[in-house]
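Tertiary structure, described
So you can see what is in the structure, the chains are spelled out below.
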Amino acid sequence: MPPRLGHPDLGLGVGLRTAHFGHILREWPAVDWFEIISENFVDSQGRPAYVLDQVAERYPVVMHGVSLSIGSTDPINFEYLEKLSALARRVKPHWISDHLCWTGVAGRNTHDLLPMPLNEESLSHVVERVGIVQNVLERPLVLENPSTYVTFADSTMPEWEFLSRLTEETGCGLLLDVNNVYVSSVNHDFDPIEYLNRVPHDRVVQFHLAGHTNCGTHCIDTHDGPVIDPVWDLYARARRLTGGVSTLLEWDASIPAFPVVHAEVQKAKQYFGDCSGRASPAAEPRRAVAPRSTKAVSNPVAFIVADSE
Amino acid sequence: MSAPRHTLDELQRWMQGVITHPEGAAAGIESPSAQEQVGVGASQVEQVVTRSRTLSAIERLDIYNRAYFGRLLECLREEYSVLAFALGEELFDAFAVGYLQTHPSTSYTLGKLGESFPEYLAASRPARDGDTQADWPEFMVDLARLERIVNEVFDGPGSEGRPLLTGERLQEVPADRWPNARLICAPSLRLVELKFPVSEYFGAAHRKETAPVPPARDSFVAVNRQEYRVRRYELTAPQHALLAALLAGESVGSAIERAAALSPAGDDQLAADLSEWFHTWTTAAFFRDVVG
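Residue and element names in this part refer to chain A. Buried residues dominate strand β6 (residues 173-177), accounting for five of its five residues. Where burial is concerned, the two faces of β6 agree: the one with G173, L175 and D177 and the one with L174 and L176 are both buried. Here strand β5 (residues 142-144) runs beside β6; their pairing, made up of three bridges, is parallel. Bridge pairing in β6 places L143 opposite L174. The parallel pair β5 and β6, bridged by helix α6 (residues 159-170), forms a crossover whose chirality is right-handed. Direction of pairing for β6 relative to strand β7 (residues 204-210): parallel, over a ladder of four bridges. Within the sheet, the bridge partner assigned to L176 lies in β7 and is F207.

In C-alpha cells:
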C-alpha cells in the first residue's frame, strides 16, 4: 500500500465555513485546499451549493462527514450514502472522510460523535460496515479518531490498536486529528506520544488541527480558538512519523475572519522539516494553557445550519 | 479474554438514553429505557463506563448529556434566530428543550431538525391570556412558520442560472390566449397564510430591533429567492388567491376569477391592478415561463 493510500499531500487547508463565503468569493485567498462538511451540501440547492461549485472549480476539495455513524448498530443509511456519492461526482473530492464513532441508534441522530467500546465485537462490526460503505462509495473511506469523554469497561484494546486493525482489515485510511489525540489523552490518562508512535503511519491520509477548551479536570473539543502549543508539538512528531500529509485547521465556533483562520494553519510551516520529534523554536511567545471555566460544548455543529454571513 | 458484558447494541441504546435525558446522566441511568438495556443504577455505573483520574463515570457521561442539549439548542437558535430574538433566550430555550424531547432528530441532516417546531409551538402554546392581551403565542407561531419557510426557500430549489419569464415574453402572448395560458412558477416561490401581519415585525427582529406585536388580522406573504437572496412580499387577499391558483396549476383565467371574487375593485381597476401585479411579480422572478 503506497503512503497516504496514494493520495497527494495537499498542503495546508482550512474548513469551508458559511461565515467565510463572502470573503472567499471576493478574494479567492491563496489557501492550498478546502475541506467541506458533507452534510452542509448534500441537500443544498441554494447559495451553499453555488459557493461550493465555485470553490471546487478553483481549489482541491475533500469531503468530511459527520453523519455516517459507521459504528452504530442501526442499519446503514443507503439514502445518505447515495447522496454522498452524488456530491462526490459533482465536486470530485480527493477523498471522503468521517469519524470512528456512532451518532445515534434506534433511528435517532444525536448529532454527536459518540465513542465506541473498543473490543473484538465492535471491531468486527465496524470492519463489516466500512467494507459496505467503501463498495458504495467506490473508494477507500478515511476515518478520523474522535475526541472522547468516556471509555467503556468492556473495551479491551487502545484506540490506536483498534484503528490499526481496522485499516489492516479494510484498507481504509486514517484522518489523524492531532488535537483529538491530545484531548482524549488528557481525558483518558494515556500517553499521546505512544498513540502517535503506534498508529499505522502509512495509512494516515490527513491531519486535523483545532483549538479546544481546557476545563481543568478534562478537555473538550470545541474548535473555537487557536491550536495550543502542546498540540503543535504533537503535530511536529506526527509529521516526522508520517513524512507529512495534508493538514487542515478546523475552527467551528467563535469563528474569526478568514485571514485569522488561514494564518493559524500557516503556523504549521514552523513544524515542517523538523525530524527530532520536538517542536521548532516558536517564532512567537508560547501560550499558557490555563483552565477555563466554561459551558463548553463538544463538536459544535451550529455552523452547519447557519444561513447567513 | 473475557466476553463483553454488554452487546454493542445494548451499550449504544443505553448510552443514548443516558445522554439525552433532560435531567442529566444520573437520572438517565435510572430511566426505564436505559435500565431495559443495562440494568445498573447510578451507583454501579462504573461497571459500564470507567472513571478517569479526575472525573467519575457520571461526570464524564454528563459531558455528553450537556453537550446534547447545548449543541441542538444552538442549532435551533440559529435556524429560528428571529423567533429566538422575539421570545428571548429563556423562553425560546424552554420551548426548544420540550421540542427536542418530543421531536428528536431522526435525520442525517440538521436541516430537518426544526421542521416541526412551528407545529410543536402551535400544539403547546399557552392559552390566550384574557381579552385584554394580544394573542402573542399565536403571533409567535406565525413568526416561526414564516421563519421556517424563509429558511427552506434559502437552501431549496431555485431558478438561478435558468431562464425566467420576462415582461417582454409576457407581452408576446396574444390577448385571446391569456385565459387558457398557465404560468410556470419559480420552484422557490412559497405562499404563507398567517393570522397576524408578521412580515414587518420579522424584518425588525431580523435586524435585532424591537417592534410592537401588531393586532391580529389575516395576512398573506409570498417568499421567493432571486440570485440567492430570499425576499418576503406582503400580499392582499386577491393577490394571494391569484398566486395560489397559479401555483396549483390553474389557468390564468381561472386564477383571475378567484382574485376578482375577493377584490372590491371594479373591472377596470382590477385590470390595472393585474397589470401592475404581474409586472412586479415578473421582476421579482416569481415565474419561469408561460405555456398554453
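Residue and element names in this part refer to chain A. An order of β1-β2-β3-β4-β5-β6-β7-β10 is seen for the eight strands of this closed barrel, with the pairing classed as parallel. Looking at each pair of strands side by side, their axes are set apart by 30 degrees on average, direction ignored. One ladder, built from four bridges, connects strand β2 (residues 33-37) with strand β3 (residues 61-64); its direction is parallel. Across the sheet, the residue bridging to I37 is H64, located in β3. Docked against the sheet, helix α7 (residues 178-188) engages β5, β6 and β7, running at close to 65 degrees with respect to β6.

Our focus in this paragraph is the interface of chain B and chain A. Each partner contributes residues to the interface: chain B has 50 residues there, and chain A has 62 residues. Summing the contributions of chain B and of chain A, the shared interface buries around 5000 Å²; its carbon and sulfur component is 59%. When the buried area of chain B at its contact with chain A is split by residue, B:Y64, B:R71 and B:Y108 rank highest and sum to 18% of it. Its salt-bridge partner being B:R71, residue A:D112 comes within 3.2 Å of it at the nearest N-O pair. Among the secondary structure elements, those contributing two or more residues to the side of chain B that touches chain A are α1 (8-19), α4 (57-79) and α8 (136-155) of chain B. Per-element tally for the side of chain B that touches chain A: the top contributor is α4(B), with 12 residues. Considered class by class, the residues forming the side of chain B that touches chain A number 22 nonpolar, 17 polar and 11 charged.

What counts and what doesn't
Residues numbered from 1 in each chain as written. Chains lettered and ligands numbered in written order. Predicted model: local features only at pLDDT ≥ 70, side-chain atom pairs only at ≥ 80, totals over all residues. Heavy atoms only, no water. Buried < 20%, exposed > 50% of the residue type's maximum accessible area, 1.4 Å probe, protein only. Helix = DSSP H or I, 4+ residues; strand = E, 2+ residues; numbered from the N terminus. Pairing = 2+ DSSP bridges. Right-handed = clockwise from strand over helix to strand, strands pointing away. Axes fitted to C-alpha atoms, helices over the stretch in contact; angles between N-to-C directions. Contact = heavy atoms within 4.5 Å. Buried area = accessible area lost by both parts, 1.4 Å probe. Salt bridge = Lys/Arg side-chain N within 4 Å of Asp/Glu carboxyl O. Nonpolar A, V, L, I, M, F, W, Y, C, P; charged D, E, K, R; others polar.

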